[in-house]
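Residue-level listing of the chains:
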Amino acid sequence: MKLILHAVAVVSLLLGSRATLIAQALPVPVPAPVADSAPAPKIAFDNAVWDFGRIKSGEVLKHTFVFTNTGTATLEITQVQPGCGCTTAGEWTRKVEPEETGTLAIQFNSANFQGPVLKTVAVHSNDKSQPNVMLQLKGTIWKAVDVNPQFAMINVLPDSPSASTIVQILNNSDEPLVLSNPDSNNPLFHATIITNRPGKEFQLVIAAEPASMTNTTMQGQITLKTSMASTPVITVTAWANVQQAIVTMPPQVVLPTAPLAAPAAPEVTIQNNSTNLVQITDVNVNLPGVEVALSEKIPGRSFIIKLSFPVGFQMAPGQQGVVTARSSSSQMPSIKIPIHQTPRPVVSVPPTPPGSGQQ
């Protein structure tokens, strides 16, 4: 009888272990995610890019973007921000219900543009998934008459009698272009026209004569009349910059607050911009205890003046420090470099309160 009971127990144990293994092998069911059922707006543009193609400069274009609320709550357009002043936003649909559509009017002024352009408009809404949508406007702008550059810069060497620059004028239309003789509102500028291809391509040569200049810079406007109704007048602004024969960098020496807590050794570079080589001699400083040395970095072109100020150096109130040198340049025979030092701050002592004196 005991044997029979033992056999039954063994069989039960084996069956129980097998059931446990089968239960472990079965996949554990994963609960399905709970969907967010909260209503939410969603903005979707039919086309977020407007390609306006190839247009003439000066045209004012208008376009209407269309968008749809594909969400489940009211869509609100809170702000529309064009990327620059040439693009402006008109009226737009402020609120759009689910599955409804809205519109946004945009205007673009192509004046003062040339070649490929890309402009953007930012649309802000209460769509949390994409609160900012960037719209694009792109295309190519061309001018009937292309003037490059419209601002002509002329750099004149200090001992050069004149200098010039060239402005290209290109006719992009099928109509032949006829130009008048250029006119300058500044007698120091002279302009002439060179025809490369009759009716199509020209060069405007602008020359400056610095010998009569009273300043290192001057400005003038060159105007030409044309045969085209779309571009009746061409205007080019010219600038002339005459370099100084001798330039000091920096133009002045500035020392730390007096008295100097450590030795100071500032350097000044003397640069010769003329076509002729120069010599720098007789370098001096009018401050006692200060040493000065001159070295030639590039013969006849670049020089280094090195100053040495000792510890504790301080300039007296009202004292004017200066480094002087002589130059072989007839345009700048004397060189003066001012020296400045920040004075020691004055510490004010507060008055002693009455009755607080020592007994």
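Bear in mind that the values here come from a model prediction, so they are computed numbers and not experimental data. (Residues numbered from 1 in each chain as written. Predicted model: local features only at pLDDT ≥ 70, side-chain atom pairs only at ≥ 80, totals over all residues. Heavy atoms only, no water.)

**A short note on the pairing of strand E24 (residues 321-327)**
Across the two faces of E24 the burial differs, with Gly321, Val323, Ala325 and Ser327 buried and Val322, Thr324 and Arg326 not buried at all. Of the pairings in the sheet, the one linking strand E21 (residues 280-285) to E24 comprises four bridges and is antiparallel in character. For Asn284, the partnering residue across the bridge sits in E24 and is Thr324. Note: E24 against strand E25 (residues 334-341), six bridges, orientation antiparallel. Bridged to Ala325 within E25 is Ile335. Between the end of E24 and the start of E25, which pair antiparallel, lie six residues. (Buried < 20%, exposed > 50% of the residue type's maximum accessible area, 1.4 Å probe, protein only. Helix = DSSP H or I, 4+ residues; strand = E, 2+ residues; numbered from the N terminus. Pairing = 2+ DSSP bridges.)

**Digging into the pattern of salt bridges**
One pass over the full model with this rule turns up one salt bridge. Residue Arg197 is joined to Glu201 by a salt bridge in which the shortest nitrogen-to-oxygen separation is 3.2 Å. The exposure class of Arg197 is partly exposed, given its relative accessible area of 41%. Look at Glu201 and you get partly exposed, because its relative accessible area is 25%. (Salt bridge = Lys/Arg side-chain N within 4 Å of Asp/Glu carboxyl O.)

**A word on the sheet that holds strand E11 (residues 151-156)**
On the basis of which strands lie adjacent, the open sheet formed by four strands has the order E11-E17-E16-E13 and mixed pairing. Each of the sheet's edge strands pairs with one partner strand only, and the pair in question is E11 and strand E13 (183-184). Two strands pair when backbone bridges link them, and E13 and strand E16 (residues 217-225) are joined in this way by two bridges, in the antiparallel orientation. From the neighbouring strand, Asp183 faces E16, where its bridge partner is Thr223.

**Some points on the packing of aromatic side chains**
Tallied over the full model, the rule gives six aromatic pairs. For the pair Phe45 and Phe67, a centre-to-centre distance of 5.4 Å together with 50° between the ring planes defines the contact as tilted. On the criterion of sequence distance, the pair formed by Phe45 in strand E1 (residues 43-45) and Phe67 in strand E3 (residues 60-69) is long-range, its members being 22 residues apart. You can call Phe45 buried: its relative accessible area is 17%. For Phe67, a relative accessible area of 1% translates into the label buried. By the ring-pair criterion, three or more aromatic residues cluster together here, those being Trp50, Phe52, Phe108 and Phe113. The residue whose ring lies beneath Arg94 is Trp92, and the NZ or CZ to ring-centre distance is 3.8 Å. (Phe/Tyr/Trp six-rings, centres within 6.5 Å; stacked < 30°, edge-to-face > 60°. Lys NZ or Arg CZ within 6 Å of the ring centre and 35° of its normal.)

**A closer look at the nonpolar core**
One finds Ile154, Ile169, Phe189, Leu204, Ile206, Ile234 and Val236 to be the most contacted residues of the largest nonpolar core, which totals 28 residues. Elements with a minimum of two residues in this core: strand E10 (145-148), E11, strand E12 (163-171), strand E14 (189-197), strand E15 (201-208), E16 and strand E17 (233-242). When neighbours within four sequence positions are excluded, Leu204 is seen to be in contact with Thr165, Ile166, Val167, Ile169, Pro182, Ala191, Thr192, Ile193, Ile222, Leu224 and Val236. (Core = buried A, V, L, I, M, F, W, Y, C linked by side-chain atoms within 4.5 Å. Contact = heavy atoms within 4.5 Å.)

**Looking at the side chain of Asp127**
Position of Asp127 relative to the elements: it lies in the loop between strand E8 (115-125) and strand E9 (132-142). Among buried Asp, Glu, Lys and Arg side chains, Asp127 stands out as unpaired, with Lys42 the closest opposite charge at 4.7 Å. Once you skip the residues sitting within four places of it in the chain, Asp127 turns out to touch Pro41, Lys42, Ile43 and Leu75. (Lys, Arg positive; Asp, Glu negative; His and termini not counted.)

**Describing the confidence of the model for the chain**
On average, residues of the chain score 87 in pLDDT, and 85% of them are at 70 or above. Taken as a whole, residues 1-5 scores under 50 in pLDDT and shows zero contacts with residues more than four places along the chain or in a different chain. Between residues 7-11, whose pLDDT stays under 50, and residues either more than four places distant or in other chains, the model counts zero contacts. (pLDDT = per-residue confidence, 0-100.)

**Looking at the side chain of Asn171**
Topologically, Asn171 is positioned in strand E12. Look at Asn171 and you get buried, because its relative accessible area is 1%. A polar side-chain atom of Asn171 sits 2.9 Å from the main-chain carbonyl oxygen of Gly199. Those residues in contact with Asn171 that lie beyond four places of it in its chain are Ala144, Pro176, Leu177, Gly199, Lys200 and Met228. (Polar contact = N/O pair within 3.5 Å; in protein donor to acceptor, adjacent residues only side chain to side chain.)

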